[in-house]
Every structure is written in structure tokens, then in C-alpha cells.
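# Examination of the molecular architecture
Here are the chains, one letter per residue:
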Amino acid sequence: ITLSLCATMLYLFPGRLLRMREAIGFGWGQALRSALTGILGYILLGGLVILLGVQVVGIPLAALIMLALVLLSLAALATASLAIGRGLSCAFGVSSSSPLLQIVLGILLLFPLTIVPIAGWAIAAIASSLGFGAILLTKFGNEEGWTLPA
């Protein structure tokens, strides 16, 4: 199911997913920046859901934010799988592989690792944070990114 949803996202938003993949980059510095941004984004959105959930008026808005968070997490996993697949294809010397092959390779590596009893949840959280940080850093894959008007 996840593979088909990620492939559908790649079909619908190819440019945005590729720009988000580029935000993760090849180096540890960019990946760490993206992961820390994703962790901070998850913490802030989780806090917002809790704050809205304790108020009667904010419960419907908290439910909408939780739904958006699920969809964003799926996009984050697609972005992280795309970056992992690109790294795998470059490691095996296939530099001109298609994004669909990259996302399949990334998912085929990522999801078996998430079944590992102790470290599986941590691997999934790191991958999701990595992708969510790339989403936030690129403003959902927008070409302009975050800029201040001059």
C-alpha cells in the first residue's frame, strides 16, 4: 500500500518530490539539518494538536491537523525513500536511474528495517523526520523556498 501511495505521489508531484529529495542532499550536514528540522516540526505540530485538543472549540481543528500530519508523514516517507533509493543507486553505480526505481529501492530497504523489534520504530522515526524536514525546508517542494521580501 505504501509503495503504491508513494508512486502515486511521485506521479502527481514529480518536481516537488525531486526538489525535496535534493534538500536532503548527499552529505551528512544537509541530512542532519533536514532531520532536526523535521523533529522540531513534529514537536511543534504535536504541541499544537494537544493545545487545540484540550479546548472544546479546537477539537475539530485538532482532528484536521492530525489528518494533515498523517498525509505529511506519508509524503515525508516518500521523500526519504526517494533519497535513500538515490543513494543506493549511486552506490551501485547506476547514476541515471529513474525516480520510480529510486523510490522502490528506498522503500524496499526502509520498510524491512522497520520490522526490527527494538530499532525499527527509531529507523522509521528518523526517516520520517528526514523527509518532513525536507518538506519544511523547501516549503513543500516549492521552487522559491523560504525567502524574505527585500
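Relevant structure appears above.
Residues numbered from 1 in each chain as written. Predicted model: local features only at pLDDT ≥ 70, side-chain atom pairs only at ≥ 80, totals over all residues. Heavy atoms only, no water.

### What about the overall build of the chain?
When you go through the chain residue by residue, the secondary structure sums to six helices and zero strands. Counting from the amino terminus, helix and strand elements in the chain follow one another as α-α-α-α-α-α. Computed over the C-alpha atoms, the radius of gyration of the chain is 16 Å, within 12% of the 15 Å expected from 2.2 N^0.38 for a compact globule of 150 residues. Principal-axis analysis of the C-alpha atoms gives the chain an extent of 55 × 50 × 30 Å. Burial statistics for the chain: of 150 residues in total, 37% are counted as buried. (Helix = DSSP H or I, 4+ residues; strand = E, 2+ residues; numbered from the N terminus. Rg over C-alpha atoms; globule rule 2.2 N^0.38 Å. Buried < 20%, exposed > 50% of the residue type's maximum accessible area, 1.4 Å probe, protein only.)

### Some words on the packing of aromatic side chains
The description of an aromatic ring pair rests on the distance of the ring centres and on the angle between the ring planes. Tallied over the entire structure, the rule returns one aromatic pair. With a centroid separation of 4.4 Å and an interplanar angle of 20°, the aromatic rings of Y42 and F132 are classed as stacked. Of this pair, Y42 sits in helix α3 (residues 28–53) while F132 is found in helix α6 (residues 120–137), placing the two residues 90 residues apart along the sequence. Each of the two residues, Y42 as well as F132, counts as buried. (Phe/Tyr/Trp six-rings, centres within 6.5 Å; stacked < 30°, edge-to-face > 60°.)

### Looking at the pattern of salt bridges
Under the counting rule described, the total for this entry stands at two salt bridges. Salt-bridge contacts for E22 lead to R21; the nearest nitrogen and oxygen are separated by 2.9 Å. Of the residues examined, E22 reaches a relative accessible area of 41% and is grouped as partly exposed. With a shortest N-O distance of 3.0 Å, R86 and E22 are connected by a salt bridge. Remark: E22 occurs in helix α2 (residues 14–24) and R86 occurs in helix α4 (residues 59–91); sequence separation between them is 64 residues. With relative accessibility at 5%, the residue R86 sits in the buried group. Each of R21, E22 and R86 takes part in a single network of salt bridges with overlapping partners. (Salt bridge = Lys/Arg side-chain N within 4 Å of Asp/Glu carboxyl O.)

### Describing the nonpolar core
One finds C6, M9, L17, I24, A78, I103 and I135 to be the most contacted residues of the largest nonpolar core, which totals 24 residues. Listing elements by their share of this core, those giving two or more residues are α1 (2–12), α2, α3, α4, α5 (99–113) and α6. Other than its neighbours up to four places away in sequence, C6 contacts L74, A78, I103 and I107. (Core = buried A, V, L, I, M, F, W, Y, C linked by side-chain atoms within 4.5 Å. Contact = heavy atoms within 4.5 Å.)

### Considerations on the environment of A68
Mapped onto the elements, A68 comes out in helix α4. Look at A68 and you get partly exposed, because its relative accessible area is 34%. Between the C-alpha atom of A68 and that of G133, which follows or precedes it by 65 residues, the distance is 15 Å.

### Some remarks on the state of the cysteines
Following the criterion strictly, the structure yields zero disulfides and no others. Of all cysteine sulfurs, the one in C90 lies closest to C6, which takes part in no disulfide; the gap is 20 Å. A relative accessible area of 0% means that C6 is categorised as buried. A relative accessible area of 35% places C90 in the partly exposed class. (Disulfide = S-S within 2.5 Å.)

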